[in-house]
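Each chain, letter by letter, is given below.
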Amino acid sequence: MPVQKVNDSSDLDAKVPSHLQRTSITSLTMTSEPSHRCVKATVVHKGPVISCAQKDGIKMLRAEIKEEDPLQRTAEHTSINVIFFGTLAKDFSQSARQGDVVLLADFTIKKSPSFLRDKLHPCQLEMDGQDACVYVCPSAAPSHGPSSSEAKYTYVPLNDLKPKTVVNVYGVVTFFKQPFPSKGSDYCSTLKITDQSDVKVGCNIFSKKLEDHPVIFRVGDIIRLHRFKTDMFRDSMSLLNTFGWSTVTFDGTIDSPVVPRTSSKSFHFGESDIRTVEELRQWAANQSWISKDLTVSLSLVKPGMYFDLTCQLLAKAVMDSRCILLKVWDGTKCQHPLLKVAVASDALEGESTVAKDRMNLTANVLVYDNHLEVARDLKPGTFLQLYNLHALLQRAPDQQPDQPDHLSFHLHGGTSYGRGLRSLPVESPALQSLKSVLEKHVDLDEYDEVNDGTLLEIWYTPPEAVEADTGPSYTVLTCEHNTRRLTLARVKRSTPPLSCHVRARVKKYKPQQLYQCLKLFCSNCKTMEDVPDDSAVAKVFRESAKDNQACDEQWAATSSASSREPGRTISMHISRDMVGESSHMQLIFVEGTTLDEICVLSRDYKNLVPVRSVNGRMTLMDLTAPFLFSGDKRCYGCKQCSVNTFQNPVFTGVETWDEQAVAKALGVQLMQYRLLIQFELEDQTDTLEAVLWENAEKFFHVSAVDASGSQDLQDKIQTVMDTIQPPDSSLEERPLLDLCLSVYTVKDNDRNKVCYQITNTEIKEE
């Protein structure tokens, strides 16, 4: 019998005839002499017995074996394809199974036609002829990893789950999401499972390590959960991982090898587990929901579809900070013309796809947002499963009106409907049909060369590649960085932080009442508030003047005068250290005045501080009112950060009393005047809301603090706004603005919010 079984590995070594020399898989080449040599390896995958049309219908079987020598773990090409023909194919199918160790002798070495597809050894071994022989050593037990025959686990049917208990369960996956970042530091996997009880249970798994999450490829996979806590959520039973938890998953296809998928190096897996998996497979195969597989080949894709795609990655390129292009294929030809997304040759990682592009075999998939982390780590040649991929019709810029639209593919951000992607192991049973289809196109690789015609193809990057607006701009850029102009659509897909240039028009802005754009900002606590109107400030003065008793401070010299209102006295206090100095050097504390009266006094005195008396001691008024009047300028203090005390005032050693010096002496946190306007910008691709804030004074060529007391400067701002958005004008009639945008994130209710701010931009002055 050409296939012989032995009891253990030592017997296998003893069976090697003396004239045979063992060689490593990695050392095999096309020029190697196979006679008198043998190889020893583990069966990684065993395919079915099929008829070979090229050899007049002779039976054949393809298997993959992998060398397990510890010295070869870091070497390349430790796995190789083996083709068994004739009787050997039938005998090997009956005698060997996945995990068995085999010794092959008297093989021939041929070039592997699937090397570019499966990335295994460039050669393959062919077992044919009377001298070819195989020795098989069954795996010691159907156990994977250190397990104990004494290890016993009790599994609870899903319909018997009780709240607040820790259980072990088996189930069939009916829905799942690939791991995604949670609000904390963990990744989260979400899935739903069922069993023969037909009860569906949700499950959430949290873990910092991606490799600890269950490896689920598709609906119908089998999963085993150990040490999960049950609880009720929205009137339904749910499962959550607890201390010591573990998961193991299995392919759900009937008759496929029962191979555990797990990153754990120590787990129990015995005959009872195999029986449970096979029973669940048989049960699930007869359920109606299991037939609702969303996996579709490219040849069956229709516009507007959301579908799953099993494919191979040919090449990839980073389009921008929030988009990666994956060029994939599944060997089938799409019925619609596929959109070409050309990239610079030095930006493309992977093999040329020119020949496949011409045959409409290459699908260009644009991956966005939270899926970029996985996409960045993918290597060309990897087999992929894409979930909830969206097919959209788009028109290329040079497309004629009578030409059909092209089909594009987008993996949008988010995890709704299980949206995501993951790589598939080459031994996955789900890939066998795909590999067979891809091998039919192996000759295409010889024609994937870049020529002059290829270089002349249109560069089209959807959806924002549009003809830019031309014409003069009403603004100028003052930044030093040299960055290319982006469309608003591209900006909204970019990853913060980013500085970029855009060209757009103002669709609208707010506040429409421009006096409301003047704000007060505290640089210490970052508080921003509106400038109080005169009615609110006047009320504070009136309340302070009622029943006011004059202050009596030892450090102050006081003078008083009667007001026009009977019974109200106006008092003016000055530090004794300042007596005799000119009025512009004095700091005068005014008590008992109205707002109108202190405004009149401020015309003659530079620094007036409104105060009130509390139990005979001087204190500042409520900081809703200005703490300082200086000519037409009013200075406000932050209510949260100011000390607001006169217990130990120090008024010496100050050469000039400006607002900073006064605020420091009074224990007040000075608030700064700022201009704040929110624009809604629009170009031919999208709209975007951006604030004008830190750069506003340079933008308008106006100081905010000066504008607070000058009607002329406020009118200047209004004139600018009427120019960039003339009243009753259409968008096309408004001037173009070249703008520098800063893209950044801020925390908003524990979430990162992307914001846009206009910077380094000024209005052109006549």
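Residues numbered from 1 in each chain as written. Predicted model: local features only at pLDDT ≥ 70, side-chain atom pairs only at ≥ 80, totals over all residues. Heavy atoms only, no water.

- Labelled according to an unreviewed UniProt entry, the chain appears under the name Protection of telomeres protein 1, originating from Carassius auratus.
- UniProt's Sequence similarities (unreviewed entry) comment on the chain is quoted here verbatim: "Belongs to the telombin family." (UniProt positions renumbered as here; feature names shortened; annotations may be inferred.)

### Side note on the overall build of the chain
Part 1: Counting secondary structure elements, the chain contains 15 helices and 38 strands.
Part 2: Taking all 766 residues of the chain together, the buried fraction comes to 46%.
Part 3: Looking at the chain alone, contacts between residues at least 24 apart form 66% of all its contacts between residues at least 6 apart.
Part 4: When the accessible surface of the chain is totalled, it reaches about 38600 Å², and 49% of it is carbon and sulfur. (Helix = DSSP H or I, 4+ residues; strand = E, 2+ residues; numbered from the N terminus. Buried < 20%, exposed > 50% of the residue type's maximum accessible area, 1.4 Å probe, protein only. Contact = heavy atoms within 4.5 Å. Areas by Shrake-Rupley, 256 points an atom, 1.4 Å probe, with all protein chains shown as cover.)

### Re the pairing of strand β3 (residues 37–52)
Part 1: Sheet topology note: the strand β2 (residues 21–22)/β3 ladder contains two bridges and is parallel. Residue pairing for β3: R22 is matched across the bridge by C38.
Part 2: As paired elements, β3 and strand β6 (residues 101–105) share five bridges and run antiparallel to each other. Bridging from a neighbouring strand, C38 pairs with A105 of β6. (Pairing = 2+ DSSP bridges.)

### Focus on the pattern of salt bridges
Part 1: All chains considered together, the criterion is met by 17 salt bridges.
Part 2: Close ionic contact of R485 with D738 constitutes a salt bridge, the shortest N to O distance being 3.9 Å. Placement of the pair is R485 in the loop between β22 (475–477) and α9 (488–493) and D738 in strand β36 (residues 737–748), with a sequence separation of 253 residues.
Part 3: By relative accessible area, D738 is classed as buried at 13%.
Part 4: A salt bridge links E680 to K507; the shortest N-O distance between them is 3.8 Å. (Salt bridge = Lys/Arg side-chain N within 4 Å of Asp/Glu carboxyl O.)

### A word on the sheet that holds strand β25 (residues 528–530)
Part 1: Strand order in this open sheet of three strands is β25-β24-β33, and the pairing throughout is antiparallel. The sheet is open, and its two borders are formed by β25 and β33 (672–675), each paired with just one other strand. Averaged over all pairs of adjacent strands, the angle between strand axes in this sheet comes to 40°, irrespective of strand direction.
Part 2: Pairing analysis gives three bridges linking strand β24 (residues 518–521) to β25, with the strands arranged antiparallel. Counted as the bridge partner of K519 is D530 from β25. (Axes fitted to C-alpha atoms, helices over the stretch in contact; angles between N-to-C directions.)

### Some details on the layout of surface pockets
Part 1: Quantified by volume, the largest pocket comes out at close to 1400 Å³.
Part 2: When residues of the lining of the largest pocket are traced back to their parent elements, those giving at least two are β10 (166–181), α6 (372–377), β21 (420–424), β36 and β37 (751–759).
Part 3: No other element matches α6, which puts five residues into the lining of the largest pocket.
Part 4: A breakdown of the residues in the lining of the largest pocket according to their chemical character gives 13 nonpolar, 15 polar and 13 charged. (1 Å grid on protein atoms, 1.4 Å probe; cavity = no way out; pocket = protein on both sides within 12 Å on 5 of 7 lines; lining within 4 Å. Points joined across faces, edges and corners; volume = space filled by probe spheres on them. Nonpolar A, V, L, I, M, F, W, Y, C, P; charged D, E, K, R; others polar.)

### Some points on the environment of S24
Part 1: Residue position: S24 is located in the loop between β2 and β3.
Part 2: Overall, S24 belongs to the buried group, its relative accessible area being 18%.
Part 3: A sequence separation of 16 residues divides S24 from K40, and the C-alpha atoms of the two residues are 7.8 Å apart.
Part 4: Reaching out from S24, the side chain makes a polar contact with the side chain of T26 at a distance of 3.3 Å. (Polar contact = N/O pair within 3.5 Å; in protein donor to acceptor, adjacent residues only side chain to side chain.)

### A word on the nonpolar core
Part 1: Membership of the largest hydrophobic core comes to 56 residues, with the highest contact counts inside it found for V491, F679, F700 and M721.
Part 2: Examining the composition of this core, we find that five residues originate from one element, strand β23 (residues 498–510), more than from any other.
Part 3: Two domains each donate at least three residues to this core, and these are domain 4 (476–515 + 675–763) and domain 5 (531–668).
Part 4: If sequence neighbours within four positions are ignored, V491 has contacts with L486, C500, V502, L688, L741, V743 and Y756. (Core = buried A, V, L, I, M, F, W, Y, C linked by side-chain atoms within 4.5 Å. Domains from an automatic or database assignment.)

### Description of the sheet that holds strand β35 (residues 687–692)
Part 1: Spatial ordering of the closed barrel is given by β23-β34-β35-β37-β36, a layout of five strands whose pairing is mixed. The mean angle between the axes of side-by-side strands here comes to 55°, regardless of whether they run parallel or antiparallel.
Part 2: Relative to β36, β23 is paired through seven bridges, and the arrangement is antiparallel. Residue S499 lies in a different strand from β36, and its bridge partner there is S742.

### Re a negative patch on the surface
Part 1: Judged by side-chain charge, D255, E271, E278 and E279 come together as a negatively charged surface patch.
Part 2: Assignment of secondary structure puts E278 in helix α4 (residues 271–285).
Part 3: A residue is classified by how much of its surface remains accessible, and E278, at 40% relative accessible area, is partly exposed. (Patch = residues over 30% accessible without salt bridge, like charges linked within 9 Å, V, L, I, M, F, W, Y side chains within 5 Å. Lys, Arg positive; Asp, Glu negative; His and termini not counted. Charge placed at Lys NZ, Arg CZ, Asp CG, Glu CD.)

### Regarding helix α12 (residues 659–666)
Part 1: Where α12 is concerned, the buried positions are E659, A661, V662, A663 and L666.
Part 2: In this fold, the buried residues of α12 make contact with β28 (588–591), β29 (608–614), β30 (617–620), β31 (628–630) and β32 (633–635).
Part 3: Just downstream of α12, G667 is the residue with a positive phi angle, here 70°.

### Considering empty space enclosed by the protein
Part 1: For the coordinates displayed, the defined rule picks out four cavities of 30 Å³ or more.
Part 2: Its volume calculated, the largest cavity comes out at about 40 Å³.
Part 3: Elements supplying a minimum of two residues to the lining of the largest cavity: β10 and β11 (187–194).
Part 4: At four residues, the largest contribution of residues to the lining of the largest cavity is made by β10.
Part 5: Residue composition of the lining of the largest cavity, grouped by class: five nonpolar, three polar and two charged.

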